[in-house]
Amino acid sequence: MKMLRMLGRGIRDAFKSVFRNFSLSLASISCITITLIIVAISIILSYNVTNFTKEIEKDLTIVVFVNNKATESDVEHIKEELNKIENIDKKEIKYESKKNVKEAMQKESEIFESVMGEWAEEDNPLKDTFQIKVKEVEKIGKTAKQIERIENVEVVRYGEGMVDKLISAFDTIQKVTYGAVIALILVTIFLIINTIKLTIYSRKREISIMRLVGASNFTIKIPFIIEGMVLGLLGSIIPTLIVIFGYPYLYERLDGYVFTPLINLIKPMPFIYSITTMVIIIGIIVGMIGSSSAVRKYLKV
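Here's what I pulled together on the structure shown here. Predicted model only: the values in this text are computed from it and were never measured. (Residues numbered from 1 in each chain as written. Predicted model: local features only at pLDDT ≥ 70, side-chain atom pairs only at ≥ 80, totals over all residues. Heavy atoms only, no water.)

Regarding the overall build of the chain
Each helix and strand counted, the chain has eleven helices and six strands in total. Put simply, the chain has 301 residues, and 37% of those count as buried. The contacts of the chain with a sequence gap of at least 6 include a subset with a gap of at least 24, amounting to 83%. With an accessible surface of roughly 18100 Å², the chain has 62% of that area assigned to carbon and sulfur atoms. (Helix = DSSP H or I, 4+ residues; strand = E, 2+ residues; numbered from the N terminus. Buried < 20%, exposed > 50% of the residue type's maximum accessible area, 1.4 Å probe, protein only. Contact = heavy atoms within 4.5 Å. Areas by Shrake-Rupley, 256 points an atom, 1.4 Å probe, with all protein chains shown as cover.)

A look at the packing of aromatic side chains
Considering all chains together, one arrives at three aromatic pairs under this definition. Taking 5.8 Å as the distance between ring centres and 55° as the angle between the ring planes, the aromatic pair formed by tyrosine 47 and phenylalanine 271 counts as tilted. Within this pair, whereas tyrosine 47 is found in helix α2 (residues 22–59), its partner phenylalanine 271 is found in helix α11 (residues 268–299), the two being separated by 224 residues in sequence. Since its relative accessible area comes to 8%, phenylalanine 271 is described here as buried. Both rings, one in tyrosine 95 and one in phenylalanine 130, keep their centres 5.0 Å apart while their planes meet at 50°; by these two values the pair is tilted. Note that tyrosine 95 is positioned in strand β2 (residues 88–96) and phenylalanine 130 in strand β3 (residues 129–134), a separation of 35 residues in sequence. A residue is classified by how much of its surface remains accessible, and tyrosine 95, at 38% relative accessible area, is partly exposed. A residue is classified by how much of its surface remains accessible, and phenylalanine 130, at 1% relative accessible area, is buried. Grouped by ring-pair contacts, the aromatic residues Tyr47, Tyr247 and Phe271 constitute a single cluster. (Phe/Tyr/Trp six-rings, centres within 6.5 Å; stacked < 30°, edge-to-face > 60°.)

Details of helix α9 (residues 217–235)
In a regular helix each residue adds 1.5 Å, so 19 residues correspond to 27 Å; α9 covers 27 Å between its end C-alpha atoms and thus fits that length. For α9, the full list of buried residues reads Ile220, Ile222, Pro223, Phe224, Ile225, Ile226, Glu227, Gly228, Val230, Leu231, Gly232 and Gly235. (Expected span 1.5 Å × (residues − 1).)

Overview of helix α3 (residues 72–84)
In an α-helix, one full turn covers 3.6 residues, which means residues spaced three or four apart are oriented alike. In this model α3 runs 19 Å from its N-terminal to its C-terminal C-alpha over 13 residues, within 8% of the 18 Å that 1.5 Å per residue would give. For α3, the elements touching its buried residues are β1 (62–66), β2, β3, α6 (140–148) and β4 (153–157).

Comments concerning the pattern of salt bridges
Overall, the coordinates contain three salt bridges when judged by the stated rule. Among the salt bridges present, the one from glutamate 154 reaches lysine 127, with a minimum N-O distance of 2.8 Å. Of the two residues, glutamate 154 sits in strand β4 while lysine 127 sits in the loop between α5 (110–116) and β3, which places them 27 residues apart along the sequence. Taking relative accessible area as the criterion, glutamate 154 reaches 41% and is therefore assigned partly exposed. For lysine 139, the salt bridge goes to glutamate 136, with nearest N and O atoms at 3.5 Å. (Salt bridge = Lys/Arg side-chain N within 4 Å of Asp/Glu carboxyl O.)

Topic: the sheet that holds β3
The strands that make up a sheet are held in pairs by hydrogen bonds between backbone atoms, and each pair lies either parallel or antiparallel. Spatially, four strands are ordered β2-β3-β1-β4 in an open sheet, and the strand pairing comes out antiparallel. Looking at which strands have only one partner, the edges of the open sheet turn out to be β2 and β4. Taken pair by pair, the neighbouring strands of this sheet meet at an average axis angle of 20°, ignoring direction. Bridge count for β1 against β3 is four bridges, and the pairing is antiparallel. Of the residues in β3, the one forming a bridge with isoleucine 62 is isoleucine 132. (Pairing = 2+ DSSP bridges. Axes fitted to C-alpha atoms, helices over the stretch in contact; angles between N-to-C directions.)

Here's what the structure looks like:
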């Protein structure tokens with residue numbers, strides 16, 4: 001019961017302090033709001049880049065062209081060897097004969113139909129193919145080289161240079177966005193610490209009196225920690241509203257993609273609720289850490 005009373009007084013004193021030192025509180029809230037807006041944008045960007053990367057990874061296909069001299073038993077041997085390669089998704093190995101390839105191409109275009117219609121089966125210059133998906137896209141180059149060593153495999157293609165560059169670019173973007181989020185959180189903590197220090201300095205007399213009457217370190221610290229939580233919560237309101245209303249609006253304006261339909265944005269629901277929850281939690285935790293650090297370092301309690 002005593003702990004609950006102390007906590008209740010701490011909450012009451014924290015709210016009083018926010019309004020009593022309104023100018024300092026407003027400065028803290030403004031700093032938290034600005035940084036949390038940037039944090040929210042960075043998180044949204046990071047999640048969308050990750051989502052786009054995963055979508056590309058799903059669609060990445062290695063195409064294996066079989067030697068025209070290969071027999072049916074040779075094709076079966078190739079399939080057995082492919083199943084032995086660890087990075088290949090065994091469920092995503094699709095074989096297509098050159099006859100089926102020809103028929104599919106004929107259906108796509110009247111020109112293909114006209115030209116290929118005259119080919120006899122033995123004159124078909126196309127090749128039997130295997131279409132393969134990998135488990136780890138980062139190892140796609142190594143996997144392609146393993147496939148090339150299989151007997152009767154003539155050519156292996158997966159969009160070599162472009163794929164490697166895309167993977168590298170997305171990896172860099174992800175690291176930059178993660179770094180930006182961490183840096184902004186640290187900046188927010190620094191701003192709160194310094195703002196709370198000013199608040200504590202303006203209440204030195206009050207704190208001295210609390211110590212003289214025998215108040216414990218916990219009793220002195222708890223209002224400031226709760227005050228930091230309140231500042232963090234208030235500072236997260238505007239970023240939360242921007243995410244809730246801004247992201248769906250942007251999604252609709254861009255028709256759900258950026259530049260090209262290949263780069264799809266994450267659908268707003270329930271994505272925005274996950275982001276707003278993260279923003280609020282970050283605001284509260286950062287406020288607590290900032291206040292706790294300021295009290296510990298400044299008061300030496």
